Amino acid sequence: MSSRVERMARNEVASREINERIDEAYRGEPPANRIDIVCECARITCDAAIDITLDEYERVRKDARHFVILPEHVVGDIERIVFENDRFAVIAKREGVPADVARDENPRG
């Protein structure tokens, strides 16, 4: 895969790191509480916010290859949708460079 794909994957990882800090700030709060996180898409210029519950975010983070994005931000050659609702989509990185970067840069180990 190209360096373009790796750059896109690294942008998603950077957004996930921001969201991990947001999530940490709400630890101990009821799981149904809603928070705003940043879109974890590959678009370098994206600054969209996503409304998600703490419980929904925790379910996404159980798999290092999963990210939360706006449905219209899916890049089909590096990811696929595994879940979608009216607020966001959960995508899984395709195997190869995208999945490797997601796993290697997982802040939860």
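Residues numbered from 1 in each chain as written. Predicted model: local features only at pLDDT ≥ 70, side-chain atom pairs only at ≥ 80, totals over all residues. Heavy atoms only, no water.

As for the pattern of salt bridges
1) Next: Evaluation of the coordinates by the stated rule reveals 17 salt bridges.
2) Next: Notably, a salt bridge pairs Arg34 with Asp51, separated by 2.6 Å at the nearest N-O pair. Placement of the pair is Arg34 in strand 1 (residues 34-38) and Asp51 in strand 2 (residues 49-53), with a sequence separation of 17 residues.
3) Next: A residue is classified by how much of its surface remains accessible, and Asp51, at 26% relative accessible area, is partly exposed.
4) Next: It is possible to trace a salt-bridge network through shared partners that takes in Glu20, Asp23, Arg27, Glu58, Arg61 and Arg108. (Salt bridge = Lys/Arg side-chain N within 4 Å of Asp/Glu carboxyl O. Helix = DSSP H or I, 4+ residues; strand = E, 2+ residues; numbered from the N terminus. Buried < 20%, exposed > 50% of the residue type's maximum accessible area, 1.4 Å probe, protein only.)

What to know about the sheet that holds strand 3 (residues 66-69)
1) Next: Judged by pairing direction, the sheet is antiparallel, and its three strands sit side by side in the order 3-5-4 without closing on themselves. For this open sheet the edge positions go to strand 3 and strand 4 (79-84), each flanked by a neighbour on one side alone. Going from strand to strand, the sheet's axes swing by 35° on average, the running direction of each strand aside.
2) Next: Relative to strand 5 (residues 89-93), strand 4 is paired through five bridges, and the arrangement is antiparallel. When the sheet's bridge partners are listed, Ile81 is paired in strand 5 with Ile91.
3) Next: The strands touched by helix 1 (residues 3-25) within the sheet are strand 3, strand 4 and strand 5, with strand 3 carrying the most contacts at an inclination of about 80°. (Pairing = 2+ DSSP bridges. Axes fitted to C-alpha atoms, helices over the stretch in contact; angles between N-to-C directions. Contact = heavy atoms within 4.5 Å.)

Considering the environment of Arg10
1) Next: Inspection of the secondary structure puts Arg10 in helix 1.
2) Next: As a C-alpha pair, Arg10 and Val101 span 91 residues in sequence and 6.9 Å in three-dimensional space.
3) Next: In contact with Arg10, not counting residues within four places along its chain, are Val101 and Glu105.

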